[in-house]
Amino acid sequence: MATPEPTATVPLPPPRQAITEETAQGIGLLTQVRPGGTVRDLVWSGDGQRLLVAGSEEIRSYLTAALDGPSELLVAGDINTVVLHPNGALLALGRNDGVLEWYDLTSRTVIETQKVYETRVDSVAFSPDGLMLASGGFEKSFSGPHST
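Not measured: the values here are computed from a predicted model.

*Asks:* Requested: an account of the side chain of Asp-41, with residues and values cited.
*Replies:* The topology assignment puts Asp-41 in strand S1 (residues 39-44). Despite its burial, Asp-41 pairs with no opposite charge; the closest candidate is Arg-40, at 9.9 Å N-O.

*Asks:* Explain the pairing of S1 to me, using residue names and the numbers behind them.
*Replies:* Working note: regular strand, side chains alternate between the two faces of the sheet. Where S1 lies against strand S2 (residues 50-55), five bridges are found, and the strand directions are antiparallel. Considered in S2, the bridge of Trp-44 is made with Leu-51. Joining the antiparallel neighbours S1 and S2 is a turn of five residues, in which Gly-48 adopts a positive phi near 75°.

*Asks:* Explain the environment of Leu-91 residue by residue, including any values.
*Replies:* By the element assignment, Leu-91 lies in strand S6 (residues 90-95). Look at Leu-91 and you get buried, because its relative accessible area is 0%. The residues contacting Leu-91, other than those within four sequence positions of it, are Leu-52, Ile-59, Val-82, Val-83, Leu-84, Glu-101, Trp-102, Tyr-103 and Leu-105.

*Asks:* Go over the sheet that holds strand S4 (residues 72-76), please, and point to the residues and values.
*Replies:* The pairing of strands in a sheet happens through backbone hydrogen bonds and is either parallel or antiparallel. Spatially, the four strands line up as an open sheet ordered S1-S2-S3-S4, and their pairing is antiparallel. Of all strands in the sheet, those with a lone pairing partner are S1 and S4, marking the two edges. Strand-to-strand twist across the sheet, computed as the mean angle between neighbouring axes with direction ignored, equals 20°. Note: S2 against strand S3 (residues 58-63), five bridges, orientation antiparallel. From the neighbouring strand, Ala-54 faces S3, where its bridge partner is Ile-59.

*Asks:* Provide a residue-level description of the nonpolar core, including the pertinent values.
*Replies:* It is characteristic of soluble globular proteins that their nonpolar side chains tend to be buried jointly. Leu-52, Ile-59, Val-75, Val-82, Leu-91 and Leu-93 are the most contacted members of the largest nonpolar core, which totals 13 residues. Ranked by the residues each element gives to this core, the list is headed by strand S5 (residues 79-84), at three residues. Leaving out residues up to four positions away in the same chain, Val-82 has contacts with Asp-41, Val-43, Ala-54, Ile-59, Leu-91, Ala-92, Leu-93 and Val-124. Formed by 11 residues, the second largest nonpolar core is a distinct cluster that contains Val-83, Leu-90, Val-121 and Val-124.

Conventions we followed
Residues numbered from 1 in each chain as written. Predicted model: local features only at pLDDT ≥ 70, side-chain atom pairs only at ≥ 80, totals over all residues. Heavy atoms only, no water. Helix = DSSP H or I, 4+ residues; strand = E, 2+ residues; numbered from the N terminus. Buried < 20%, exposed > 50% of the residue type's maximum accessible area, 1.4 Å probe, protein only. Lys, Arg positive; Asp, Glu negative; His and termini not counted. Salt bridge = Lys/Arg side-chain N within 4 Å of Asp/Glu carboxyl O. Pairing = 2+ DSSP bridges. Contact = heavy atoms within 4.5 Å. Axes fitted to C-alpha atoms, helices over the stretch in contact; angles between N-to-C directions. Core = buried A, V, L, I, M, F, W, Y, C linked by side-chain atoms within 4.5 Å.

Here is the structure:
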């Protein structure tokens, strides 16, 4: 496999300054990557090799080196938010029906499903050590920590 050529570094604009076309190209602004449905959340793998895109119909995984290329379907369904575990092998996702799911990326299987809200899960976050998961829901409540 060929190593990608390095790209020129373009400095980021100061805060609250408009992003120009040149700056957008320099930081690799992604405008064409999208799963089925509306994009609701994005997460990079820890090594920067993959971009996971969560949408109203599915989560897709894209190789960073070929973001305009084919993607891999990871999970189907109405997904609101997604977070990658610090070890890179576990995915936690919040669904629009209030369900929190743990998904094993290696085996491509759901490990656990838990109904945590009456309506949608809006946010999920792992603790830095990966031992706990917190979630926030539409009911303006907080659930957690959930053990992983």
